[in-house]
Amino acid sequence: MSKTIDLNGKSYSVVPEVETVQQLLEHLKLGDRILIVEKNKEILQKDSYDAPIMDRDQIEIIHFVGGG
């Protein structure tokens with residue numbers, strides 16, 4: 001069963017295979033980047049990325065982009 005979350009302020013339908021924050025990051029091709037992840041207004045430490053994603057969770061992902 002698919003879940004709908006709020007991802008960076010927009011409604012996002014999560015595919016059934018994605019059950020954790022880490023799997024979401026990998027699905028979005030962000031698994032190897034330096035990130036800040038906030039779930040339901042709480043910043044997650046990297047060792048908490050195995051936290052399950054529930055329907056209607058609010059996820060904010062901030063990643064850094066280099067440039068000049």
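Residues numbered from 1 in each chain as written. Predicted model: local features only at pLDDT ≥ 70, side-chain atom pairs only at ≥ 80, totals over all residues. Heavy atoms only, no water.

Some details on the overall build of the chain
For clarity, the cut-off: Only runs of H or I of at least four residues qualify as helices and only runs of E of at least two qualify as strands under DSSP, and these elements are numbered from the N terminus. Atoms counted for the radius of gyration: C-alpha only. Globule rule: 2.2 Å times residue count to the power 0.38. Any residue under 20% of the maximum accessible area for its type is buried, any over 50% is exposed, and the rest in between are partly exposed; the area is computed with a 1.4 Å probe on protein chains only. Note on definitions: a residue-residue contact is assigned when non-hydrogen atoms from the two residues lie within 4.5 Å. Residue burial considers only the protein chains on display, and all accessible areas are found by Shrake-Rupley using a 1.4 Å probe. We count Lys and Arg on the positive side and Asp and Glu on the negative side, and we leave His and both chain ends out. Think of each charge as sitting on NZ of Lys, CZ of Arg, CG of Asp or CD of Glu.
Summing up its helical and strand segments, the chain has 1 helix and 5 strands in all. Counting from the amino terminus, helix and strand elements in the chain follow one another as β-β-α-β-β-β. For the chain, whose C-alpha radius of gyration is 12 Å, the value lies close to the compact-globule estimate of 11 Å for 68 residues. Seen along its three principal axes, the alpha-carbon backbone of the chain occupies a region of about 45 × 25 × 20 Å. Counting only residues that meet the buried cut, the chain has 29% of its 68 residues in that class. Taking as baseline every contact in the chain between residues at least 6 positions apart, the subset at least 24 positions apart corresponds to 52%. For the chain, the accessible area works out to roughly 4900 Å², and carbon and sulfur atoms hold 51% of it. The average position of the 8 basic charges and that of the 12 acidic charges among the side chains of the chain differ by 5 Å.

Quick notes on the sheet that holds strand S2 (residues 10-14)
Let me state the cut-off plainly: Strand pairing is assigned whenever DSSP detects at least two bridges linking the two strands. For helices, the fitted axis covers only the stretch in contact; all axes are lines through C-alpha atoms, and the angles between them, taken along N-to-C directions, range from 0 to 180 degrees.
The strand order across the open sheet built from 5 strands is S2-S1-S5-S3-S4, with neighbouring strands paired in mixed fashion. One side of each edge strand has no neighbouring strand; the edge strands of this open sheet are S2 and strand S4 (42-44). Recorded for the sheet is a direction-independent mean angle of 35 degrees between the axes of neighbouring strands. Relative to strand S5 (residues 58-63), strand S3 (residues 35-39) runs antiparallel, the two being bridged by 5 bridges. Pairing of Lys-39 across the sheet is with Ile-59, part of S5.

Examining the pairing of strand S1 (residues 3-7)
Here S1 shows one buried face, formed by Lys-3, Ile-5 and Leu-7, and one open face, formed by Thr-4 and Asp-6. For S1 and S2, the ladder comprises 5 bridges, and the chain directions are antiparallel. Its bridge partner being in S2, Thr-4 is matched across the sheet by Ser-13. The sheet contact formed by S1 and S5 spans 2 bridges and is parallel. Looking across to S5, one finds that Leu-7 is bridged to Ile-59.

Looking at the nonpolar core
Most often, soluble globular proteins have nonpolar side chains that are buried together. Applied cut-off: Buried residues of nine kinds, namely Ala, Val, Leu, Ile, Met, Phe, Trp, Tyr and Cys, make up a nonpolar core once their side-chain atoms join them within 4.5 Å.
Core analysis: the largest hydrophobic core is formed by 16 residues, its most contacted members being Val-21, Leu-25 and Val-37. Looking at this core element by element, the count peaks at 3 residues for helix H1 (residues 21-27). Beyond its immediate stretch of four places on either side in the chain, Val-37 contacts Val-21, Leu-25, Glu-42, Ile-43, Leu-44, Tyr-49, Ile-59 and Glu-60.

Quick notes on the confidence of the model for the chain
The cut-off we apply is this: As a per-residue measure, pLDDT reflects the predictor's confidence and takes values from 0 up to 100.
Here the chain shows a mean pLDDT of 92. Residues at 70 or above account for 97%. Averaged over each element, pLDDT in the chain is lowest for S5 (94) and highest for S4 (97).

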